[in-house]
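Okay, here's what each chain looks like letter by letter:
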Amino acid sequence: MHINPYGTYAVQLGVDLYNTPPESAAELGRRCVDGGLVVDTEPTDADLADAMQFLREWATVVDATTDEARADILNGMLARASAYPRLTDHAGDGWHMHYRDPNIPLGAVIRALVSVGTALHLTTRGMTRLGRCAAEGCSNIFADVSRTGRQRYCGTACSNRDAVRRHRARAASRA
């Protein structure tokens, strides 16, 4: 199976921005660049507001309880956010696909990029490869890129903390 990197970096950008929301338009722009996005315009407060509104909506895809519900929500987001696919070499770094109109504000770019990236991630890796951390007290989102497809935690810290909690609970029950 071929894994499309467009889906991986885009869905990971969504995860990052959702779990740790940027506090300013400038931070949003920096984080997008750090996440692999070419930012063609100066980020504005309107971009930040649009991106945060989109990410709240995007979380409903994560929290959907069936593949069909997840697909229905995401299809609605795709219909509102993306345009027909087009080839571009806008950054001079090689030809690639865009699923958005040219010259749109950063908030709209994030909306299209993360929607399409999430769809590619789920259809190439599996419809269950997006979730919430299983650690008690953590509600972070993760995109499962593991080989086995059994990721349960947002990261190593939560995984380790939960393993320690389970170990202590077993030890206490034996005492």
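About the thresholds
Numbers given for residues are sequential positions, taken from 1 along each chain in its written order. Residue-level local features of this predicted model are given only where pLDDT is at least 70; pairs of side-chain atoms are given and counted only at 80 or more, and the full residue set underlies all totals for whole chains, interfaces and linings. Excluded from the side-chain calculations are hydrogens and water; all other atoms, namely the structure's heavy atoms, are used. Helix numbering and strand numbering both begin at the N terminus, where a helix is a DSSP run of H or I of at least 4 residues and a strand a DSSP run of E of at least 2. For the exposure calls, accessible area comes from a 1.4 Å probe over protein chains only, and a residue counts as buried if that area is under 20% of its type's maximum, exposed if over 50%, partly exposed in between. Pairs of residues are marked as contacts when any of their non-hydrogen atoms sit within 4.5 Å. Values of accessible area rely on a 1.4 Å probe in the Shrake-Rupley scheme; residue burial ignores everything except the protein chains shown. Positive residues here are Lys and Arg, negative ones are Asp and Glu, while His and the chain termini are left out of the count. Taken as the charge location is NZ of Lys, CZ of Arg, CG of Asp or CD of Glu. The span one expects for a helix is its residue count, reduced by one, times 1.5 Å. Any pair of nitrogen or oxygen atoms within 3.5 Å is treated as a polar contact; in protein, a donor-acceptor pairing is required on top of that, and neighbouring residues in sequence qualify only through side-chain atoms on both sides. What makes a nonpolar core is a set of buried Ala, Val, Leu, Ile, Met, Phe, Trp, Tyr and Cys residues whose side-chain atoms join them at distances within 4.5 Å. Working definition: a ring pair exists when centres of Phe, Tyr or Trp rings (six-membered ring for Trp) sit within 6.5 Å. Plane angles under 30 degrees give stacked, over 60 give edge-to-face, the rest tilted. Only lysine NZ and arginine CZ atoms are considered, and such an atom sits over a ring when it is within 6 Å of the ring centre and within 35 degrees of the ring normal. Axes here mean lines fitted to C-alpha atoms, for a helix over just the part in contact, with angles spanning 0 to 180 degrees between N-to-C directions. By the definition used in this description, the sense in which the near helix is turned from the far one sets the handedness, with an anticlockwise turn below a right angle giving left-handed and a clockwise turn giving right-handed. All amino acids are sorted into three groups, where Ala, Val, Leu, Ile, Met, Phe, Trp, Tyr, Cys and Pro are nonpolar, Asp, Glu, Lys and Arg are charged, and the leftover types, Gly among them, are polar.

## Points about the overall build of the protein chain
Item 1. A count of helical and extended segments in the protein chain gives six helices and four strands.
Item 2. Reading the protein chain from its N end, one meets helices and strands in the order α-α-α-α-β-β-α-β-β-α.
Item 3. Oriented by its inertia axes, the alpha-carbon framework of the protein chain measures out at about 65 × 35 × 30 Å.
Item 4. Evaluated residue by residue, the protein chain yields a buried proportion of 39% over its 175 residues.
Item 5. Within the protein chain, contacts between residues at least 6 apart in sequence are counted, and of these 52% link residues at least 24 apart.
Item 6. By element, 53% of the accessible surface of the protein chain is carried by carbon and sulfur atoms, the whole surface being about 9600 Å².
Item 7. Distance from the positive charge centre (20 side chains) to the negative charge centre (20 side chains) of the protein chain: 13 Å.

## Describing helix H4 (residues 67-81)
Item 1. For H4, which comprises 15 residues, the first-to-last C-alpha distance of 21 Å matches the rise-based estimate of 21 Å (1.5 Å per residue) to within 8%.
Item 2. Turning to H4, the residues buried within the fold contact helix H3 (45-63), helix H5 (106-125) and strand S3 (130-132).

## Concerning the side chain of Arg129
Item 1. As for its position among the elements, Arg129 is in the loop between H5 and S3.
Item 2. A distance of 2.9 Å separates the side chain of Arg129 from the backbone oxygen of Ser146, its partner in a polar contact.
Item 3. Apart from residues lying up to four places away in sequence, Arg129 is in contact with Arg70, His121, Leu122, Phe142, Ala143, Asp144, Val145, Ser146, Arg147, Thr148 and Gly149.

## Details of unusual backbone geometry
Item 1. The phi torsion at Asn103 lies on the positive side, around 60°, for a residue other than glycine.
Item 2. When you line up the elements, Asn103 lands in the loop between strand S2 (96-98) and H5.

## Looking at the nonpolar core
Item 1. By size, the foremost hydrophobic cluster in this structure holds 33 residues, and its most contacted members are Leu28, Cys32, Trp58, Ile110 and Leu130.
Item 2. At the level of elements, helix H1 (5-19), helix H2 (25-34), H3, H4, H5 and strand S4 (141-143) are the ones that each hand at least two residues to this core.
Item 3. Ignoring sequence-local partners within four residues, the contact set of Leu130 consists of Val11, Trp58, Val61, Val62, Arg70, Thr118, Leu122, Ile141, Phe142 and Ala143.
Item 4. Judged by nonpolar contacts, the second largest core, of five residues, contains Cys133, Ala135, Cys138 and Tyr153.

## Remarks on the packing of aromatic side chains
Item 1. This model, assessed by the stated rule, comprises zero aromatic pairs.
Item 2. Sitting over the ring of Tyr84, Arg86 keeps its end group 4.1 Å from the ring centre.

## Considering the packing of H4 against H5
Item 1. In contact at an axis separation of 9 Å, H4 and H5 are set at 145° when each is read in the N-to-C sense. In the crossing of H4 with H5, the sense of the turn from one axis to the other is left-handed. Counting all contacts with H4, which are made through Arg70, Leu74, Met77, Leu78 and Ala81, the residues of H5 involved are Arg111, Ala112, Ser115, Val116, Thr118, Ala119 and Leu122.
Item 2. Counted by class, the contact of H4 with H5 contains eight nonpolar, two polar and two charged residues.

## With respect to H5
Item 1. In a regular helix each residue adds 1.5 Å, so 20 residues correspond to 28 Å; H5 covers 27 Å between its end C-alpha atoms and thus fits that length.
Item 2. Extensive coverage of H5 is indicated by the burial of 17 of its 20 residues.
Item 3. One or two residues past the end of H5 sits Gly126, with phi positive at roughly 135°.

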